[in-house]
Structures are given as C-alpha cells and as structure tokens.
Amino acid sequence: MKTALKVNGRTRMVDAPGDKPLLWVLREELELSGPKFGCGQGLCGACTVLLDGQAVRSCSTPLSAVGKAAVTTIEGVGASPVGQKVAAAWVDQDVPQCGYCQAGQIMSAVALLSANPHPKDDEIDSAMSGNLCRCGTYHRIRAAIHQAVTGQVAGIVQAGGDHAG
C-alpha cells in the first residue's frame, strides 16, 4: 500500500503494509540505517525516533500509526538547534563507546530538551530510562544533556557571537 511519509523534513512515498513496523520502513524502504534493531519489543530504545517531536520506539510503532506526523531520525536531528546542541555535546563529552544505542539516546535527549529545556537530574533519568546502554555511559549521557542545556558546547556559536568551549 502506497503511503506518504514525512521523514526528516521530506515527504517520501513508501510501499509497505500498514502493520509493518516503522523501524523496518525506515531501514528497508528509505535506507536510513540510524535507527537500530535492538529488542524488537520497544524496551531498549535503540530504535527511538521522534514522531512530531515525541520519542517513540519505531520497532513497535506500525506504519499505520504514523499518519501525517513528522518522523525525525538521527539522520535529520541536526536540522534543529536542540539537535545540534545535543549532538555536539555528545561528541564533546565523548559519550559513545560501541555506539549502537547512541542514535536512540540522542533522539530521547532531543525530545526531552525540546519539551523541558532545563531538566533536573531526576527528569533526565526518567526521560532516558527506556534507553539501555550496554557500555554503561549513563553518567556521560547525563553530562552531555546538561552541557547541551547550558549551551557551553564546543563549536556552537552563542548569543553575541562568542564561541563556546
């Protein structure tokens, strides 16, 4: 069944059944390899994408549930100022080790900071709790989120034209 899907700011036509998980539509039909298959049950967060700005597990979201909502994957996260800050903080804090979960982690962090630009540690922990990291970089993830909040991220131009970092 042909479906129009808005992904990373572009409308794309996909030919997939409505019950096909969004993860597989993104990976197989649109060749976006950022969202990863982890558990297939929405428990690990490796497949996290944004659906109209909300973090969702694409492995358990059927294509039919997307409707006219905008899908953002890690490939498109840099189009928003929040996404740019989070991505830069991830690099600055040297968060990734194996990197497998990082796309999902970043997507959840962007959703959090878009909804709550000044989260406390418990709010960060709650928002990120569905994203598992086998390498255990949770402290660096939280530090990167705090760094993205302050705007003190290397390579990001601050108000007044000063370079941070």
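Bear in mind that the values here come from a model prediction, so they are computed numbers and not experimental data.

Draft legend 1. Here's a closer look at the pairing of strand β2 (residues 10-15). In this structure, strand β1 (residues 2-7) lies alongside β2, joined through 6 bridges in antiparallel fashion. Bridged to K2 within β2 is D15. Counting the residues that bridge the hairpin from β1 to β2 gives 2 residues, and of these N8 lies at a positive phi of roughly 50°.

Draft legend 2. Spotlight on the sheet that holds β1. In spatial order, the strands read β2-β1-β5-β3-β4; together these 5 strands make up an open sheet with mixed pairing. Each edge of the sheet is formed by a strand with only one pairing partner; in this case those strands are β2 and β4 (54-57). Mean inter-strand twist for the sheet, computed between neighbouring axes without regard to direction, equals 40°.

Draft legend 3. Representation of the packing of aromatic side chains. Tallied over the entire structure, the rule returns 1 aromatic pair. Between the aromatic rings of W24 and F37, the centroid separation amounts to 5.5 Å while the plane-to-plane angle is 35°, which identifies the pairing as tilted. Of this pair, W24 sits in helix α1 (residues 22-29) while F37 is found in the loop between α1 and β3 (48-51), placing the two residues 13 residues apart along the sequence. Among the residues examined, W24 registers a relative accessible area of 26% and is labelled partly exposed.

Draft legend 4. Expanded view of the pairing of β4. Bridging between β3 and β4 involves 4 bridges; their strand directions are antiparallel. Bridge pairing links T48 to R57 in β4.

Draft legend 5. Focus on the packing of helix α3 (residues 102-115) against helix α4 (residues 121-128). With their axes 9 Å apart at the nearest point, α3 and α4 run at an angle of 130° to one another. When the axis of α3 is compared with that of α4, the two are oblique. Every pair of crossing elements has a handedness; the one defined by α3 and α4 is right-handed. Only E123, I124, A127 and M128 of α4 make contact with α3, whose side of the interface consists of Q105, S108, A109 and L112. A breakdown of the residues in the contact of α3 with α4 according to their chemical character gives 5 nonpolar, 2 polar and 1 charged.

Draft legend 6. Summary view of α1. Along α1, the residues classified as buried are L22, L23, V25 and L26. The elements touched by buried residues of α1 are β1, β2, β3 and β5 (70-72).

Draft legend 7. Layout of the environment of G76. Mapping G76 onto the fold places it in the loop between β5 and α2 (81-92). For G76, a relative accessible area of 16% translates into the label buried. Once the C-alpha coordinates of G76 and G34 are considered, the two residues, 42 residues apart in sequence, prove to be 9.8 Å apart.

About the thresholds
- Residues numbered from 1 in each chain as written.
- Predicted model: local features only at pLDDT ≥ 70, side-chain atom pairs only at ≥ 80, totals over all residues.
- Heavy atoms only, no water.
- Pairing = 2+ DSSP bridges.
- Helix = DSSP H or I, 4+ residues; strand = E, 2+ residues; numbered from the N terminus.
- Axes fitted to C-alpha atoms, helices over the stretch in contact; angles between N-to-C directions.
- Phe/Tyr/Trp six-rings, centres within 6.5 Å; stacked < 30°, edge-to-face > 60°.
- Buried < 20%, exposed > 50% of the residue type's maximum accessible area, 1.4 Å probe, protein only.
- Parallel < 35°, antiparallel > 145°, perpendicular 65-115°, else oblique.
- Left-handed = near helix turned anticlockwise from the far one by under 90°.
- Contact = heavy atoms within 4.5 Å.
- Nonpolar A, V, L, I, M, F, W, Y, C, P; charged D, E, K, R; others polar.

That's the geometry; what it means functionally is another story.
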